[in-house]
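Examining the three-dimensional arrangement
Chain by chain, the residues:
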Amino acid sequence: SEINRQVSEIHTAGLQACIHANGDREIDMLLDAYERALKQSPRDNHRHRIEHCSVVNEQILRRIKRLGLVLATHSYVYEHGDKMEAYGPGRWDMMHPNRSAIEMGIPVAGNSDSPVSPAQPLRRIQSMVTRQSAVGKVYGAAQQVTVNQAIQAWTLGSAFASFEEQIKGTIEPGKLADLVMLSDDPRSVAADRISEIAVDMTVIGGRVIYQRDEQK
């Protein structure tokens, strides 16, 4: 009843709800609250979010799609794959459901959950692509995504999740000139080496604020 009340108040006020929910039972409760609020006060393009949405099934994903929600999913298997052990291999393919959500057309935003895992986009992208822990074990290969899909989640996907896709998320005229230049193309190196790519230059607002010393 409390989550129903809070979601209803947020939704009725015209705001975006961004709510942390990890377990499938908890996610179902949150979906009930979102569905209830949307039924009482229909609203397009609300972009209400579920932060992390870790443990799901196909029914949950279908509801998320129908309700027009955005997922800010985990991409921290590299550091925290061992936390998935207790769920067993039978559930790993439906945990942190990046690929399933993307293929269903559910908006996915990159998320480090810092300081739970470091706010290092290249490592997070690598984790989404490989689903491999630091010791080399793969957790949920069915949810591996392509490098392009992971990059999109961490750029345009994140901008969309915060209603900022008109000013950031892609490099094009009229948007903020916030970008990096990398030493290698993430699509051409081995997937488990993506996090080793160096940042050669960082540009914020069209101004170079970092440039790697080639002598180092």
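How each quantity is defined
- Residues numbered from 1 in each chain as written.
- Predicted model: local features only at pLDDT ≥ 70, side-chain atom pairs only at ≥ 80, totals over all residues.
- Heavy atoms only, no water.
- 1 Å grid on protein atoms, 1.4 Å probe; cavity = no way out; pocket = protein on both sides within 12 Å on 5 of 7 lines; lining within 4 Å.
- Points joined across faces, edges and corners; volume = space filled by probe spheres on them.
- Helix = DSSP H or I, 4+ residues; strand = E, 2+ residues; numbered from the N terminus.
- Nonpolar A, V, L, I, M, F, W, Y, C, P; charged D, E, K, R; others polar.
- Pairing = 2+ DSSP bridges.
- Axes fitted to C-alpha atoms, helices over the stretch in contact; angles between N-to-C directions.
- Core = buried A, V, L, I, M, F, W, Y, C linked by side-chain atoms within 4.5 Å.
- Buried < 20%, exposed > 50% of the residue type's maximum accessible area, 1.4 Å probe, protein only.
- Contact = heavy atoms within 4.5 Å.
- Phe/Tyr/Trp six-rings, centres within 6.5 Å; stacked < 30°, edge-to-face > 60°.
- Lys NZ or Arg CZ within 6 Å of the ring centre and 35° of its normal.
- Salt bridge = Lys/Arg side-chain N within 4 Å of Asp/Glu carboxyl O.
- Expected span 1.5 Å × (residues − 1).
- Arc of directions from axis to C-beta.

1. Remarks on the layout of surface pockets
Each pocket or cavity is described by its volume, and for the largest pocket that value is around 1,000 Å³. As for the largest pocket, its lining consists of 30 residues, of which W154, T155, D178, L179 and V180 are closest to the centre. For the lining of the largest pocket, the secondary-structure elements that each account for two or more residues are α7 (121-130), α8 (147-161), β5 (179-182) and β6 (199-204). Of all the elements, α8 adds the most residues to the lining of the largest pocket, at 8 residues. Here the lining of the largest pocket is built from residues that sort into 17 nonpolar, 7 polar and 6 charged. Of the volumes computed, that of the second largest pocket is approximately 180 Å³. If you trace the second largest pocket, you find it lined by I102, G105, I106, P107, V108, Q149, Q152, A153, L156, G157 and F160. Looking at the lining of the second largest pocket residue by residue, the class counts come to 7 nonpolar, 4 polar and no charged.

2. Quick notes on the sheet that holds strand β7 (residues 207-211)
Across the sheet, 3 strands lie side by side as β5-β6-β7; this open sheet has antiparallel pairing. Only two strands of the sheet have a single partner each, and these edge strands are β5 and β7. Taking the axes of each pair of neighbouring strands and ignoring which way they run, one obtains an average angle of 20° across the sheet. In the sheet, β6 pairs with β7 via 4 bridges, with the strands oriented antiparallel.

3. Points about the nonpolar core
The biggest cluster of nonpolar side chains holds 34 residues, and the ones touching the most others in it are I27, L31, Y34, I50 and I64. Here the element with the most residues in this core is helix α2 (residues 24-40); it accounts for 7 residues. When near neighbours in sequence (up to four residues on either side) are disregarded, I64 contacts L31, I50, C53, L69, L71 and I106. One finds M84, W92, M95 and Y139 within the second-largest nonpolar core, a separate group that totals 6 residues.

4. Quick word on α7
Burial analysis of α7 places 8 of its 10 residues in the buried class, which makes it a mostly covered element. For α7, the full list of buried residues reads L122, R124, I125, Q126, S127, M128, V129 and T130. Buried residues along α7 sit against α4 (77-80), α6 (98-104), α8 and β5.

5. As for the packing of aromatic side chains
Going through the model one piece at a time under the given rule, you end up with 1 aromatic pair. Considering the side-chain rings of W92 and Y139, the 4.8 Å spacing of their centres and the 65° angle between planes classify their relative orientation as edge-to-face. Placement of the pair is W92 in helix α5 (residues 89-92) and Y139 in the loop between α7 and α8, with a sequence separation of 47 residues. If you follow R47 out to its NZ or CZ, it ends over the ring of F160, 3.7 Å from the centre.

6. Quick notes on the environment of A13
Mapped onto the elements of the fold, A13 is located in the loop between α1 (2-12) and β1 (18-21). By relative accessible area, which is 52% here, A13 ends up exposed. The spacing of A13 and H80 is 67 residues in sequence and 37 Å in space, taken between C-alpha atoms.

7. A closer look at the pattern of salt bridges
Under the counting rule described, the total for this entry stands at 19 salt bridges. A salt bridge links E79 to R124; the shortest N-O distance between them is 2.4 Å. Of this pair, E79 sits in helix α4 while R124 is found in helix α7, placing the two residues 45 residues apart along the sequence. Residue R124 is classed as buried on the basis of its relative accessible area of 0%. For the salt bridge of E172 with K175, the shortest nitrogen-to-oxygen distance reads 3.3 Å. Overall, the relative accessible area of 17% leaves K175 in the buried class. Salt bridges sharing partners connect three or more residues here, namely D28, D32, E35, R63 and R66.

8. Some words on α2
In this model, α2 (17 residues) spans 24 Å end to end at C-alpha, consistent with the 24 Å of a helix rising 1.5 Å per residue. All of the buried residues along α2 are I27, L30, L31, A33, Y34, A37 and L38. Along the axis of α2, the buried positions cluster into a sector of 160°, meaning they face one direction only. Facing away from the buried side of α2 by over 90 degrees, the exposed positions are R25, K39 and Q40. Residues of α2 that are buried sit in contact with α1, β1, β2 (49-52) and α3 (58-67).

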